[in-house]
Amino acid sequence: MTETRSAAGNDALPARQRILETALRLFYAEGVRAIGIDRIIAESSVAKMSFYRHFPSKADLVCAFLEERHRRWNAWFDASVERHAKRRRSGLVAVADALAEWFAEPTFRGCAFINAATEMTDHAAREHRISLAHKQDLLDRLTALAARDRLTRPAEVGRLALLIVDGAIVRAQMTGGSEPAEDARQLLEALAAAHRRRSRS
């Protein structure tokens, strides 16, 4: 998914958007803890006063980053799954094709929400709640795909599919390859086969 502008492409944007685009690029590539406010300010070419007018704290910027990443990733995911589902004739199995597409990108650094959650110790923090909400939203999408494919017990299928998807994402991040998407496809096909409705004779 192409979700951020290059640093050079930010110059014409309003200050708040320049800051957010810079955060989207740096936080995803290098992690939330590794990137300080001073670097965000320098790379977004805004004054410190302007930064704090839009984002009073780093936590505010991290939340904005996660919310925007959530919006963009979901839009990409939905479009990619729909495109591949036309060939697969299964929305659930098409998820693996979307993952393969994502894993092959040179900017792939895993799931921003899993990454952010592993950096947090306070589960009551806004950032953690946003990450949990993202995964709930993905669970809802997978459950809806299972229902659309007319699989039995779609809620159960959705939960198992989420484990497959998250496992593939982490594995792809660790190995740097797209092979986990093929493993995910085989598991999703087996899951769908186990829950396919049998026509009555």
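Residues numbered from 1 in each chain as written. Predicted model: local features only at pLDDT ≥ 70, side-chain atom pairs only at ≥ 80, totals over all residues. Heavy atoms only, no water.

Draft legend 1. Seen up close, the side chain of His 195. The residue His 195 is located in the segment after helix 9 (179-194) in this model. Ignoring anything within four residues of it in the chain, the contact list for His 195 reads Arg 150, Leu 151, Thr 152, Arg 153, Glu 156 and Val 157. (Helix = DSSP H or I, 4+ residues; strand = E, 2+ residues; numbered from the N terminus. Contact = heavy atoms within 4.5 Å.)

Draft legend 2. Looking closely at the pattern of salt bridges. Applying the stated criterion across every chain, the model contains 17 salt bridges. Measuring nitrogen to oxygen at the nearest pair gives 2.4 Å for the salt bridge that ties Arg 83 to Glu 101. Residue Arg 83 is found in helix 4 (residues 58-88), and its partner Glu 101 is found in helix 5 (residues 91-103); the two are separated by 18 residues along the sequence. A relative accessible area of 44% means that Arg 83 is categorised as partly exposed. (Salt bridge = Lys/Arg side-chain N within 4 Å of Asp/Glu carboxyl O. Buried < 20%, exposed > 50% of the residue type's maximum accessible area, 1.4 Å probe, protein only.)

Draft legend 3. How the structure looks around the packing of aromatic side chains. Tallied over the full model, the rule gives 11 aromatic pairs. Ring centres 5.1 Å apart and planes at 85 degrees place the aromatic pair Phe 51 and Tyr 52 in the edge-to-face group. Over the ring of Tyr 28 we find Arg 69, and its NZ or CZ is 3.9 Å from the ring centre. (Phe/Tyr/Trp six-rings, centres within 6.5 Å; stacked < 30°, edge-to-face > 60°. Lys NZ or Arg CZ within 6 Å of the ring centre and 35° of its normal.)

Draft legend 4. Representation of helix 1 (residues 15-30). For helix 1, built from 16 residues, the straight-helix expectation of 22 Å at 1.5 Å per residue is met to within 8% by its first-to-last C-alpha distance of 22 Å. The complete set of buried residues in helix 1 reads Arg 18, Ile 19, Leu 20, Glu 21, Thr 22, Ala 23, Leu 24, Leu 26, Phe 27 and Tyr 28. The first or second residue beyond helix 1 is Gly 31, which carries a positive phi of 100 degrees. (Expected span 1.5 Å × (residues − 1).)

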